[in-house]
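Listed below are the residues making up each chain.
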Amino acid sequence: MTYRAPIADIAFSLKHASGFASALAEGLYGDLAEDLVDGVLAEAGRFATDVLAPLNRIGDRYGTPFRDGIVTTPPGWKEAYRDWAAAGWNGLAAPAQWGGQELPQALNAGCIEMWNSACMAFGIGPVLTMAAVDALAHHGSDALKRIYLPKLVSGEWMGTMELTEPQAGSDVSALRTKAELVGDGTYRVTGQKIFVNFGEHDFTDNIIHLVLARLPDSPPGTLDVSLFLVPKFLVNTDGSLGRRNDVRVHSVEHKLGIHGSPTCTMFYGDQGGATGFLVGKENRGMACIFTMMNWARLAVGLQGVAIAERATQQALAYARERRQGRASHAPAEPGLGSSPIIDHPDVKRMLLTMRALTHAARAICYATAVTIDRANRGVDATIRRAAHERASLLTPVAKAFATDIGSEVASLGLQVHGGMGYVEETGAAQHYRDARVAPIYEGTNGIQAIDLVTRKLPLSGGTAVGIYIAELRHTVEAVKATNDPAFGWTGVRLQEVVESLERATQWLLARWQDNAALAGAGPYLRLFAAATGGALLAEEALAAARLAGDGRTAAPARIAIARFFAENIAVQARGLEHAVIEGADGVIGADAALADKLS
Ligand SMILES: Cc1cc2nc3c(=O)[nH]c(=O)nc-3n(C[C@H](O)[C@H](O)[C@H](O)COP(=O)(O)OP(=O)(O)OC[C@H]3O[C@@H](n4cnc5c(N)ncnc54)[C@H](O)[C@@H]3O)c2cc1C
């Protein structure tokens, strides 16, 4: 089934729930006009639908063959990348100084969602290049910026992000790749990196590897690591490509999904060492990596939304066509004994769950993107600091919730297809396979939950999260004040979820350094997302109701989604609260239950 870019839904979520409209009105984005926002989304949607979506299946089937040191991308992909970069998409939110358009990250987020819906394996490459641009623009020396940023921003070269080694996954401090200073101020990099997305390919002439490595004076097992820029080809002073650097791809992984994206093992230093250039300060590489990662984590969250949207579109189309059994209360249709499966309440529930989870995750991601814009562009330091704290709080939620639901929604999509979902023909299985990596990479979702509980909740002594919960309460009151029967139990259920979140937050703030907090982190993140997603969907529904009053939009659909989420999904909040507060002891003390033999 073909993909239709949900431009209206994206624009609605952006404008009515994320805070984008007030940011626009306040002048955060200069004189950016709403028309331009709509135009960019429409054009990105067209590219996604017409150019990228048809490549998705091809990428899955063809993969990225690796022969004689050369990685070949699937047929048509190289040309699509060329056209995508030529249209300026890579530099949409990049600094104007380096050739970018400096448009809002929130708008970039809408585009990234569509490109990844159309073809997630393609979308991950540009996301990593954008992250590399971010790191270099913030931490690179003037000389590095001058040489590398214009070509990374234009997309003429692509970037990678290289942390992972066989013994160093979630625990970055275990990395062993070495870097030694040589006489001319460059560094000699030796070691091995694994799972490098787009580590080698034929999209661009040069590939700019951003590699974390350890200097000789950095003690093993510490996070005193440094970031190095290691180009595949060294660059001459006139900007032309020079000699090949001492870095090569050793192998390409055979994976469950995203077959079109080459995931590589990279070797550095076969011939004595690759030439690397320090980014930022020695032993302070983690600061640069966090700049890269914060953006990349949101972008991976958007991949979750993207795959959920595509799976939902496909399941809906299938459920309208496939006929089985006769739905109770179905009108007798002459000549047809059976009903479309969408008429069966259980299928309808699956489809509504898919749609509501997708919309909630989208709203969380866009709200996060707007806070990132505020943190970068706010007029004074106080505003920027508050926005930075809000973005820090929301980023792990956006990444983990959106990618978890990406997998869940893709799984439901497969279920809606019945047996036809389990065979490859319909494409539902590909969404399921592709979606599964997103909860793993860019920091597993378990690590995101721990980050939320141990680093983000304690920000400003708990004030940041306190202010946030107070804002959620505001939304609850606004829903209750409508007295509109179309909202059903939305106000009541949202109040319950916010109260659960408040109690669980207080409990965790009192013991965030304990094992118990680590044991409850996963359910707490889900609870946080239920409250946030429920409130943002309610904001959308309230806005739709207001606009419908003017006869400008169809309110019932958005109210129905917010209501379904509150009444059927957010109601899990009480259980999640119990899991955080009461379930932790049972996790910590249950080692015997995991013993090899139960007696
Ligand atoms: C397709 C693909 C592409 C990738 N692309 C890149 C890339 O471009 N660049 C790059 O650097 N890396 C990349 N990665 C690597 C990815 O980021 C890691 O796989 C991820 O960080 C997890 O590390 P690991 O696989 O070693 O798992 P492990 O760290 O071994 O984790 C295994 C399990 O244990 C849990 N766990 C580990 N430590 C803790 C802890 N302290 N507390 C609680 N739970 C814990 C994890 O949550 C996970 O469930 C990619 C991976 C894949 C699969």
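Right, let's get into the overall build of the chain. Looking only at helices and strands, one finds 20 helices and 12 strands in the chain. A compact globule built from 599 residues would reach a C-alpha radius of gyration of about 25 Å, and the chain, at 24 Å, matches this within 12%. Considering only C-alpha atoms, the chain reaches an extent of 80 × 70 × 60 Å along its principal axes. Counting the 599 residues in the chain, one finds 56% classified as buried.

What follows concerns the pairing of strand β11 (residues 263-268). Burial runs high along β11: five of the six residues are buried. Bridge count for strand β5 (residues 187-197) against β11 is five bridges, and the pairing is antiparallel. Note on β11: the bridge partner recorded for Asn197 is Thr263. With five bridges connecting them, strand β10 (residues 247-252) and β11 associate as antiparallel partners. Pairing of Val249 across the sheet is with Met266, part of β11.

This part covers the site of the ligand. Residues in close proximity to the ligand total 18 residues, the closest being Met161, Thr164, Ser170, Phe195 and Thr444. In the environment of the ligand, a nitrogen atom lies 2.7 Å from a nitrogen or oxygen atom belonging to the backbone of Met161. Alone, the ligand offers 970 Å² of accessible surface; in the complex the protein occludes 61% of this. At the level of elements, β3 (158-162), β5 and α14 (445-456) are the ones that each hand at least two residues to the shell around the ligand. Considering every element that reaches the shell around the ligand, the biggest residue donor is β5, with three residues. Tallied by class, residues from the shell around the ligand come to nine nonpolar, six polar and three charged.

On to the pairing of strand β4 (residues 178-181), then. Relative to β5, β4 runs antiparallel, the two being bridged by four bridges. Bridging from a neighbouring strand, Glu180 pairs with Arg188 of β5. Here β4 folds back onto β5, and the loop between the two strands holds five residues, one of which, Gly185, carries a positive phi near 90°.

It is worth spelling out the pattern of salt bridges at this point. Side chains that carry opposite charge are capable of pairing whenever their charged atoms lie near each other. By the definition in use, this model includes 25 salt bridges. We note a salt bridge from Glu200 to Lys232, for which the minimum N-O separation is 2.8 Å. In this pair, Glu200 sits in the loop between β5 and β6 (207-213) while Lys232 sits in the loop between β7 (226-231) and β8 (233-235), placing the two residues 32 residues apart along the sequence. Of the two residues, Glu200 and Lys232, neither departs from the other in class, the shared state being buried. With a shortest N-O distance of 3.0 Å, Arg390 and Glu471 are connected by a salt bridge. One end of the pair, Arg390, is in helix α11 (residues 381-416); the other, Glu471, is in helix α15 (residues 463-482), with 81 residues separating them in the sequence. Assessed through its relative accessible area of 39%, Glu471 is described here as partly exposed. Salt bridges sharing common partners tie together Asp9, Glu540 and Arg558.

With that out of the way, let us pick up α11. Because an α-helix packs 3.6 residues into every turn, residues spaced three or four apart end up facing the same way. Over its 36 residues, α11 extends 50 Å from the first C-alpha to the last, a length consistent with the 52 Å expected when each residue adds 1.5 Å. Roughly 30° is the biggest bend found in α11, and it falls at Leu394, with proline Pro396 one to four residues downstream. Where α11 starts, the residue carrying a side-chain oxygen 3.0 Å from the main-chain nitrogen of Thr382 turns out to be Asp380. Directly after α11, the chain includes Gly418, whose backbone phi takes a positive value near 60°.

Now for the packing of helix α10 (residues 345-377) against helix α17 (residues 515-549). Viewed as axis vectors pointing N to C, α10 and α17 meet at an angle of 90°, and their least axial separation amounts to 8 Å. By the angle between their axes, α10 is roughly perpendicular relative to α17. Residues Ala356, Leu357, His359, Ala360, Ala363, Ile364 and Ala367 of α10 form the contact with α17, whose own contacting residues are Arg526, Ala529, Thr532, Gly533, Leu536, Leu537 and Glu540. Residue composition of the contact of α10 with α17, grouped by class: nine nonpolar, three polar and two charged.

Using a relative accessible area of 9% as the deciding quantity, one classes Lys232 as buried. Side chain to side chain, Lys232 and Glu200 meet in a polar contact 2.8 Å long. Among all residues touching Lys232, those that are not within four sequence positions of it are Glu200, His201, Asn206, Ile207, His209, Arg243, Arg244, Asn245 and Val247.

With that settled, consider the packing of aromatic side chains. Tallied over the entire structure, the rule returns 14 aromatic pairs. The interplanar angle of 45° and the centroid separation of 5.6 Å between the aromatic rings of Phe198 and Phe203 together place this pair among those described as tilted. Grouping residues by exposure puts Phe198 and Phe203 together as buried. Chaining the aromatic ring pairs together yields one cluster made of Trp77, Tyr81, Trp84, Trp89, Trp115, Phe122, Phe198 and Phe203. When the ring centre of Trp507 is taken as origin, the NZ or CZ atom of Arg511, which lies over that ring, is 4.2 Å away. The cationic tip of Arg558 hangs over the ring face of Phe12; the distance from NZ or CZ to the ring centre is 4.0 Å.

When you line up the elements, Asn197 lands in strand β5. A distance of 3.0 Å separates polar atoms of two side chains, one belonging to Asn197 and the other to Ser261. In this structure the side chain of Asn197 is engaged in a polar contact, spanning 3.2 Å, whose partner is the side chain of Thr263. Look past the residues within four positions of Asn197 in its chain and what remains in contact with it is Ile124, Leu128, Thr160, Ser261, Pro262, Thr263 and Tyr441.

A separate point is the environment of Val453. Note that Val453 resides in helix α14. Overall, Val453 belongs to the buried group, its relative accessible area being 0%. Separated by 67 residues in sequence, Val453 and Gly520 have C-alpha atoms that sit 8.8 Å apart. What Val453 contacts, discounting residues up to four positions off in sequence, is Pro458, Leu508, Trp512, Ala517, Ala521 and Tyr524.

About the cut-offs
- Residues numbered from 1 in each chain as written.
- Predicted model: local features only at pLDDT ≥ 70, side-chain atom pairs only at ≥ 80, totals over all residues.
- Heavy atoms only, no water.
- Helix = DSSP H or I, 4+ residues; strand = E, 2+ residues; numbered from the N terminus.
- Rg over C-alpha atoms; globule rule 2.2 N^0.38 Å.
- Buried < 20%, exposed > 50% of the residue type's maximum accessible area, 1.4 Å probe, protein only.
- Pairing = 2+ DSSP bridges.
- Near = heavy atom within 4 Å.
- Polar contact = N/O pair within 3.5 Å; in protein donor to acceptor, adjacent residues only side chain to side chain.
- Areas by Shrake-Rupley, 256 points an atom, 1.4 Å probe, with all protein chains shown as cover.
- Nonpolar A, V, L, I, M, F, W, Y, C, P; charged D, E, K, R; others polar.
- Salt bridge = Lys/Arg side-chain N within 4 Å of Asp/Glu carboxyl O.
- Expected span 1.5 Å × (residues − 1).
- Bend = angle between axes of the 7 residues up to and from the residue.
- Axes fitted to C-alpha atoms, helices over the stretch in contact; angles between N-to-C directions.
- Parallel < 35°, antiparallel > 145°, perpendicular 65-115°, else oblique.
- Contact = heavy atoms within 4.5 Å.
- Phe/Tyr/Trp six-rings, centres within 6.5 Å; stacked < 30°, edge-to-face > 60°.
- Lys NZ or Arg CZ within 6 Å of the ring centre and 35° of its normal.

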